[in-house]
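Breakdown of the fold
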Amino acid sequence: MKKILFLLFLSNLFLLAQEDFVDDTPIREFQFIGYSFTRLTASNISPTNDILQGQVIGRLFGQNSTNTVPQTCVYVEQRFVPFFVYQPKILDGYATFRSLFKIDYTWGDQAYGVGNNRGGAINAGQINLQTLMANVEIKPSDEWNVVVGLQRLFDNVRDPNVNALQTFQTSSYKLSYWGTQAVGINSFFNINPVTKARFGMFQLWENEIRKDDDVVLWMFDIESRIKPLLEVGADLWYVYDRAKSAGGISVLGQGLNSALAEYNGAFRLKLPGESQIYDADIFWLGGHLSYNRDFLMGRWWYDAFVMTNFGKVDSVFENKSYKAASIFGLSANAMVSYKYGMTANDKVSLEMLFSTGDANNAQDGKINSVITGNVYGSPVGIYSAHRAYLLFPDPQVVNRYYSAVHDISNMGLGVTAFFINFSKDFIPNRFNGKFGLASAISNVAPQGGGTLIGNEINLELRYNLKVYLSWTLSAAYLFLGDFYNSPNTTYFQSRPKNPFVIFTTLNWLMF
């Protein structure tokens, strides 16, 4: 299980690391950077299952038992993320070790126990340290490197060690497919001053080491700045899935037909016939472009991607494989933003998301849904460039990470969504506000329901108290559509009330 905000501190961390590369200051052998995040929330959303009161993630109104309740739930959560970098001088920058940990808890939740995402009750004493990264980087030259171990798994050609998180949220596939950590080998290349590439392999699940029953991800990405302000890239990924549903997170399992997929609001495979054991070969092939990213030179910023997933699923019975279904799904995203004022916060933006849906799963021998990493972990695909808080995932969370459309596949039904955000710096680079609208429809209506998932209105105020120390106040209200008239869309098989959330946060990046 992973949460998202610790990535925020990393983004700034990586910028600092980059600064070390571009100046001539002596190499510091040991570096520490910490991130502290505190959030006070008031909402009418709560998990109703007593077991699910610590860390709760997944689709809102889904299998995590989240529902709207007639009370206002008020709670405080905290996160501390320590990051350590060791780069011995004797190696002159040739090798670097990085490690990242996380401590999450809700005020008053538990003490003297063992387990993650708890430990805020009186006396504390909880064993709750989570390991997120532990890897070694070998850098023979400025043109390429190799990172081995537990590290970032992002759907982007860029090296997460030297790029800000915001770049990953707003470029390539915006973490919609892969945005987590995993063990593997990643190599980043600067082919020439305008072209970069990445080749990586990640072991998603290792079951019995003596058997061919693992899930492995291979990734190749390339991107070039063909004009001074125009970036164009292409990406090819492949998942070799021979796990036959073995492994996974607790009782949820992992894989295309796992409860985990449904929990995350992703596509969940249902094979025809009695046997649900499968082998799968899944490919992703896509392209993306960006013009004047981050308003580098000018007031207009355009961004878009198209990604396809294709391959096959075989049904396995008595150790023999039989072709069960072919796969082809497609997603598309486009964004245009205009900076009308002096700072990057003086802007208005429009974004669109589309994904294909499937009305009958694999029953016709075809799967036309989008498949993301959310079928193998939770969460993995963390699309958040939209800036909505309830309709789509919001990364400003600690233990409670849920939204109406939690995966861009929308449970395999597909989705078409629009986002409009208007922001302004009231005091340049000190105090700003945002007003947003979001709307989503399901491309395939569930049985007994309509296509409108909901419309959201939201706003946010942010004040920078000091450098890397900020306070925010955010609120959102979601008007649910006729999509929820279908009993198949909720865990309780009844239409929920409209949800709302108000929260305030204190963020501090320390170094």
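Keep in mind that what you see is a predicted model, and the values were worked out from it rather than measured.

**As for the packing of aromatic side chains**
Centre-to-centre distance and the angle between the planes together describe a pair of aromatic rings. In total, this model carries 31 aromatic pairs according to the counting rule given. Ring geometry for tyrosine 389 and phenylalanine 503: centres 5.7 Å apart, planes at 80°, overall edge-to-face. In this pair, tyrosine 389 is assigned in the loop between β15 (366-367) and β16 (400-403) and phenylalanine 503 in strand β21 (residues 500-510), connecting sequence segments 114 residues apart. When the ring of phenylalanine 483 is compared with that of tyrosine 484, the centres are 5.3 Å apart and the planes differ by 85°; the resulting orientation is edge-to-face. For phenylalanine 483, a relative accessible area of 1% corresponds to the buried category. Every member of this aromatic cluster is reached through a ring pair, and the members are Tyr173, Tyr177, Trp178, Trp237, Trp284 and Phe305. Positioned over the ring face of tyrosine 75 is arginine 400, at 4.5 Å from the centre of the ring.

**Quick word on the side chain of serine 470**
Topologically, serine 470 is positioned in strand β20 (residues 469-480). Polar contacts involving the side chain of serine 470 include one to the side chain of arginine 462, which spans 3.3 Å. With residues up to four places along the chain from it excluded, the contact list for serine 470 reads Arg462, Tyr463, Asn464, Leu465, Thr505, Leu506 and Asn507.

**So, the side chain of serine 258**
Here serine 258 is to be found in the loop between β10 (230-241) and α3 (259-263). On the basis of relative accessibility, which here comes to 5%, the residue serine 258 falls in the buried class. Look past the residues within four positions of serine 258 in its chain and what remains in contact with it is Leu252, Gly253, Arg268 and Val375.

**Looking at unusual backbone geometry**
Backbone torsion omega between serine 378 and proline 379 reads -20°, so that peptide bond is classified as cis. One can find proline 379 in the loop between β15 and β16. Phi at asparagine 292 takes a positive value of approximately 55°, unusual for a residue other than glycine. With respect to the helices, strands and loops of the structure, asparagine 292 is situated in the loop between β11 (278-291) and β12 (300-317).

**Some points on the environment of alanine 440**
When you line up the elements, alanine 440 lands in strand β18 (residues 431-442). Under the relative-accessibility criterion, alanine 440 is labelled buried at 0%. In sequence terms alanine 440 and phenylalanine 419 are 21 residues apart; their C-alpha atoms lie 8.9 Å from each other. When neighbours within four sequence positions are excluded, alanine 440 is seen to be in contact with Leu391, Phe392, Val415, Thr416, Ala417, Thr451, Leu452, Ile453 and Gly454.

**Section: the environment of valine 232**
As for its position among the elements, valine 232 is in strand β10. Residue class for valine 232 comes out partly exposed when judged on its relative accessible area of 33%. A C-alpha to C-alpha distance of 5.9 Å links valine 232 and histidine 288, two positions 56 residues apart in sequence. Excluding residues that lie within four positions of it along the chain, valine 232 makes contacts with Ile222, Glu223, Ser224, Ile226, His288 and Leu289.

**Considerations on the nonpolar core**
Trp178, Leu256 and Phe392 are the most contacted members of the largest nonpolar core, which totals 68 residues. It is β11 that contributes the most residues to this core, four residues altogether.

**Examining the confidence of the model for the protein**
Mean pLDDT over the protein works out to 92, with 94% of the residues at or above the 70 mark. In this model residues 1-21 is a low-confidence stretch, pLDDT under 50, and it forms 78 contacts with partners more than four residues away in sequence or in other chains.

Conventions we followed
Residues numbered from 1 in each chain as written. Predicted model: local features only at pLDDT ≥ 70, side-chain atom pairs only at ≥ 80, totals over all residues. Heavy atoms only, no water. Phe/Tyr/Trp six-rings, centres within 6.5 Å; stacked < 30°, edge-to-face > 60°. Helix = DSSP H or I, 4+ residues; strand = E, 2+ residues; numbered from the N terminus. Buried < 20%, exposed > 50% of the residue type's maximum accessible area, 1.4 Å probe, protein only. Lys NZ or Arg CZ within 6 Å of the ring centre and 35° of its normal. Polar contact = N/O pair within 3.5 Å; in protein donor to acceptor, adjacent residues only side chain to side chain. Contact = heavy atoms within 4.5 Å. Core = buried A, V, L, I, M, F, W, Y, C linked by side-chain atoms within 4.5 Å. pLDDT = per-residue confidence, 0-100.

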